[in-house]
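# Close look at the chain arrangement
These are the residues of each chain, in order.
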Amino acid sequence: VARPLTPSTGVAIAGLGITELGRVYGASAAEFAERAIGLALDDAGLRPHDVDGLLVSSGLKTKVDAGVAARLNMGELSLFAEVNAFGASAGVMVQMAAHALRAGEANVVVCVFADAPLREGTRSADAYRPRAAELGSWSGLSALSGMDSVNRMYALAARRHMGYFGTTAEQLGAIAVAQRTWAQRNPLAQMNAPMTLDDHASSRMIADPLRLLDCCVVSNGAVAVVLTTLDRARDLPRVPVSVLAGAQAHPGRGMRRNDDFGLVTGAATSGPEALRRAGIALEDIDVVELYDCYTFTVLVTLEDYGFCAKGEGGAFVSEPGRLGPGGRLNLNTGGGQLSGYYMWGMTPLSEAVIQLRGDGGARQVADAELALVSGNGGVLDHHSTLVLQGDR
Amino acid sequence: VTEVTWTPVQALRPGRASPFFDALERGALLLSTNQLGEFFDPRDVVDPQGRGLVPADTTGGGRVESWSLLDEDRHADGPRSYAAIIQLDEGPWWWGRLVVPHGVEVSLHFRVRMAVAHAGASDVPSAPVPYWVPE
């Protein structure tokens with residue numbers, strides 16, 4: 001089984017596989033993962049037996065494990081891990097794959113995320129509904145205190161930003177509207193009906209101050225990417241997307257006096273560090289694909305990456321001509337998770353690959369060469385940043 | 001502001017949480033402290049330098065760092081409940097329920113104090129639950 005392993009400095013994404021997404025039923029997360037891997041390998045012009053590294057990630061209530069390698073007859077692997085940095089997992093997996101490829105520890109690494117939280121005949125909100133907690137326990141205390149969902153935690157983060165910086169709900173709405181406009185050009189997007197600021201303001205409250213249209217969609221499906229050395233990728237059928245650099249930050253907040261929860265995230269560390277490692281300046285970036293579980297996540301990440309000063313994100317995103325197709329900042333060009341599809345960190349990563357290959361169709365950004373991709377997990381607890389370059 | 005409704009659920013009091021809930025019964029919020037007098041969450045085991053922590057009573061007074069109106073009270077005319085982040089006067093944050101009279105506006109750094117309610121149902125033992133009210 002041993003295959004020659006040769007160290008390489010250049011690493012690239014050579015294949016991308018995206019299954020049907022959204023309210024698609026009849027498959028487990030693992031089955032979606034197998035489909036996505038198959039699609040990604042076909043896209044790369046490779047076979048399962050070429051794969052010697054597999055990194056898998058799945059949603060909160062689903063399970064994807066090494067069984068997918070067996071069912072796809074991958075053979076012996078030199079790298080395998082189940083990765084869970086929540087929404088940062090995709091970026092973390094790509095970084096792990098890049099390290100292994102650069103070290104010569106693997107030749108072809110597949111990274112996959114799959115989830116199947118939606119059940120036929122139920123609402124999206126049911127996918128992550130918390131269970132009743134017990135009295136007299138820490139978890140029960142939390143639930144009884146109103147900390148009843150991730151929505152609530154992000155609501156508290158957003159409200160704190162509003163309290164300190166004057167950010168408004170309407171400014172968050174500008175992000176939702178801009179991304180919906182992009183989504184209308186993306187055939188994979190789950191939500192593509194036109195949206196206005198009034199639609200955003202009148203959508204039902206989910207967790208004050210976050211409304212329905214501040215929140216991401218929920219999706220069944222899977223996305224996989226295939227990584228190999230840049231040299232090898234150049235011999236494969238698709239345009240290679242080079243992984244120039246990546247960085248992570250997991251702030252480990254103490255939740256003590258003057259904590260910066262809701263004001264600053266790990267993106268403030270991982271973003272500049274990834275750009276430094278890549279030798280790229282922020283102003284050189286052509287497309288920005290940010291993790292957007294909520295509109296607020298986009299706003300605070302833009303600040304942390306340095307697109308605007310801290311506290312000025314609201315004014316930045318609501319400035320006419322800034323966001324949306326034809327705007328000065330090509331942000332979440334597939335509609336993101338707010339309007340596109342919710343494949344955790346694979347949503348921004350897949351859109352970056354599409355753009356850097358020039359496959360964006362009606363939403364293609366002209367001459368897109370460099371992309372910045374963020375991941376965000378937990379409640380602003382885990383961050384990853386990737387800097388990617390199309391090798392066209 | 002005492003008419004708070006709590007969802008009845010099964011009562012349980014695991015060992016490590018017992019001192020905290022015992023303190024609530026006597027109206028104190030039990031945190032933990034190191035030898036320098038710095039306070040930490042009661043679930044913390046050591047401080048960032050690895051120093052051991054011992055339990056210490058506090059009053060639960062503090063200020064609001066963030067708040068989110070709970071759905072159940074959105075249209076109510078009575079007291080309003082919020083999920084809130086409280087920065088306790090001793091330093092640690094507490095994620096707790098804030099209950100204010102109708103018409104009182106909550107804002108950043110709004111001063112609050114702790115109160116204690118009992119949650120439970122007729123067929124399960126009750127347990128003390130801290131919540132916060134305007135100071």
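Residues numbered from 1 in each chain as written. Chains lettered and ligands numbered in written order. Predicted model: local features only at pLDDT ≥ 70, side-chain atom pairs only at ≥ 80, totals over all residues. Heavy atoms only, no water.

### Side note on the overall build of chain B
Check the secondary structure of chain B and you find one helix and eight strands. Along chain B, helices and strands appear, N-terminal first, in the series α-β-β-β-β-β-β-β-β. Taking all 135 residues of chain B together, the buried fraction comes to 51%. Considering only intrachain contacts with a sequence separation of at least 6, the fraction spanning at least 24 residues in chain B is 49%. (Helix = DSSP H or I, 4+ residues; strand = E, 2+ residues; numbered from the N terminus. Buried < 20%, exposed > 50% of the residue type's maximum accessible area, 1.4 Å probe, protein only. Contact = heavy atoms within 4.5 Å.)

### What about the overall build of chain A?
When its secondary structure is counted, chain A shows 13 helices and 11 strands. The C-alpha radius of gyration computed for chain A amounts to 20 Å, which stays within 12% of the reference 21 Å derived for 392 residues, consistent with globular compactness. With respect to the principal axes defined by its C-alpha atoms, chain A has extents near 55 × 50 × 40 Å. In chain A, the proportion of contacts linking residues at least 24 apart, taken out of those at least 6 apart, comes to 77%. Surface accessibility of chain A: about 14100 Å² in total, with carbon and sulfur atoms responsible for 50%. Computed over 33 positive and 41 negative side-chain charges, the separation of the two mean positions in chain A equals 4 Å. (Rg over C-alpha atoms; globule rule 2.2 N^0.38 Å. Areas by Shrake-Rupley, 256 points an atom, 1.4 Å probe, with all protein chains shown as cover. Lys, Arg positive; Asp, Glu negative; His and termini not counted. Charge placed at Lys NZ, Arg CZ, Asp CG, Glu CD.)

### With respect to the sheet that holds strand S10 (residues 370-377) of chain A
Residues and elements named next belong to chain A. Taken in spatial order, the nine strands line up as S3-S2-S4-S7-S1-S8-S11-S10-S9 in an open sheet, and their pairing is mixed. Whereas interior strands pair on both sides, the edge strands pair on one side only; in this sheet they are strand S3 (79-82) and strand S9 (287-289). Strand-to-strand twist of the sheet, defined as the mean angle between neighbouring strand axes without regard to direction, takes the value 25 degrees. When strand S2 (residues 53-58) meets S3, the two strands line up parallel, connected through four bridges. Looking across to S3, one finds that Leu 55 is bridged to Ala 81. (Pairing = 2+ DSSP bridges. Axes fitted to C-alpha atoms, helices over the stretch in contact; angles between N-to-C directions.)

### Some details on the pattern of salt bridges
For side chains of opposite charge, pairing can occur when their charged atoms come near one another. All names here are of chain A. By the definition in use, this model includes 22 salt bridges over all chains. Among the ionic pairs, Arg 322 bridges to Glu 319, the shortest N-O distance being 3.2 Å. A single network of salt bridges, built from pairs that share partners, joins Asp 43, Arg 238, Arg 357 and Asp 359. (Salt bridge = Lys/Arg side-chain N within 4 Å of Asp/Glu carboxyl O.)

### Observations concerning helix H13 (residues 346-357) of chain A
All names here are of chain A. Given a rise of 1.5 Å per residue, 12 residues ought to cover 16 Å, and the 16 Å separating the end C-alpha atoms of H13 matches this to within 8%. Taken together, the buried positions of H13 are occupied by Met 346, Thr 347, Pro 348, Leu 349, Ser 350, Glu 351, Ala 352, Val 353, Ile 354, Gln 355, Leu 356 and Arg 357. Gly 358 occupies a position one or two residues after H13 and carries a positive phi of about 85 degrees. (Expected span 1.5 Å × (residues − 1).)

### Here's the deal with the nonpolar core
The tendency in soluble globular proteins is for nonpolar side chains to be buried as a group. Residues and elements named next belong to chain A. Counting 103 residues, the largest nonpolar core has Leu 227, Phe 261, Met 346, Leu 349 and Leu 388 as its most contacted members. The element that contributes the greatest number of residues to this core is helix H3 (residues 89-102), accounting for eight residues. Apart from residues lying up to four places away in sequence, Leu 349 is in contact with Ile 13, Val 94, Val 225, Val 373, Leu 386 and Leu 388. Core analysis: the next-biggest nonpolar cluster, separate from the first, contains 33 residues, Phe 32, Ala 33, Leu 54 and Leu 72 among them. (Core = buried A, V, L, I, M, F, W, Y, C linked by side-chain atoms within 4.5 Å.)

### Some details on empty space enclosed by the protein
A water-sized probe rolled over the atoms picks out the places where empty space is left. Residue and element names in this part refer to chain A. Per the stated rule, a full pass over the model turns up two cavities of 30 Å³ or more. Roughly 70 Å³ of internal volume is contained in the largest cavity. Lining the largest cavity we find 14 residues, and of these Glu 289, Gly 334, Gly 336, Thr 347 and Glu 351 sit closest to its centre. Elements supplying a minimum of two residues to the lining of the largest cavity: helix H12 (336-340) and H13. Ranked by residue count, the leading element in the lining of the largest cavity is H13, at three residues. Considered class by class, the residues forming the lining of the largest cavity number three nonpolar, eight polar and three charged. Computed from the structure, the second largest cavity encloses a volume of approximately 40 Å³. Lining the second largest cavity we find Ala 90, Gly 91, Gly 345, Leu 349, Val 373, Ser 374, Gly 375, Ser 384, Thr 385 and Leu 386. At the level of elements, H3, S10 and strand S11 (382-390) are the ones that each hand at least two residues to the lining of the second largest cavity. Here the residues of the lining of the second largest cavity are counted per class, giving four nonpolar, six polar and no charged. (1 Å grid on protein atoms, 1.4 Å probe; cavity = no way out; pocket = protein on both sides within 12 Å on 5 of 7 lines; lining within 4 Å. Points joined across faces, edges and corners; volume = space filled by probe spheres on them. Nonpolar A, V, L, I, M, F, W, Y, C, P; charged D, E, K, R; others polar.)

### Things to note about the confidence of the model for chain B
All names here are of chain B. Counting all residues, the mean pLDDT for chain B is 86, and 80% of those residues have values of 70 or more. Model confidence for chain B, summarised as mean pLDDT per element, is weakest for strand S8 (residues 124-134) at 85 and strongest for strand S4 (residues 62-69) at 97. In the model output, the complex is listed with pTM 0.94 alongside ipTM 0.91. (pLDDT = per-residue confidence, 0-100.)

### Overview of the pairing of S2 of chain A
Residue and element names in this part refer to chain A. For S2, the buried fraction is high: six of the six residues fall into the buried class. Burial along S2 is two-sided: Gly 53, Leu 55 and Ser 57 and Leu 54, Val 56 and Ser 58, pointing in opposite directions, are all buried. Pairing between S2 and strand S4 (residues 108-115): six bridges, direction parallel. Along S4, the bridge assignment pairs Gly 53 with Val 109.

### Here's the deal with the pairing of strand S6 (residues 93-100) of chain B
Burial analysis of S6 of chain B places eight of its eight residues in the buried class, the great majority of the element. Here strand S5 (residues 80-88) of chain B hands over to S6 of chain B after four residues, with Gly 91 of chain B in that stretch at a positive phi of 120 degrees.

### Considerations on the packing of aromatic side chains
Tallying each qualifying case throughout the model produces six aromatic pairs over all chains. Relative to Trp 94 of chain B, the ring of Phe 20 of chain B has its centre 5.4 Å away and its plane inclined at 15 degrees; by these criteria the two rings are stacked. Pair noted here: Phe 20 of chain B is in helix H1 (residues 18-25) and Trp 94 of chain B is in strand S6, with a separation of 74 residues, a long-range link. The residues Phe 20 of chain B and Trp 94 of chain B share a single accessibility class, namely buried. Members of the aromatic cluster, each reached through a chain of ring pairs, are Phe 261 of chain A together with Trp 93 and Trp 95 of chain B. (Phe/Tyr/Trp six-rings, centres within 6.5 Å; stacked < 30°, edge-to-face > 60°.)

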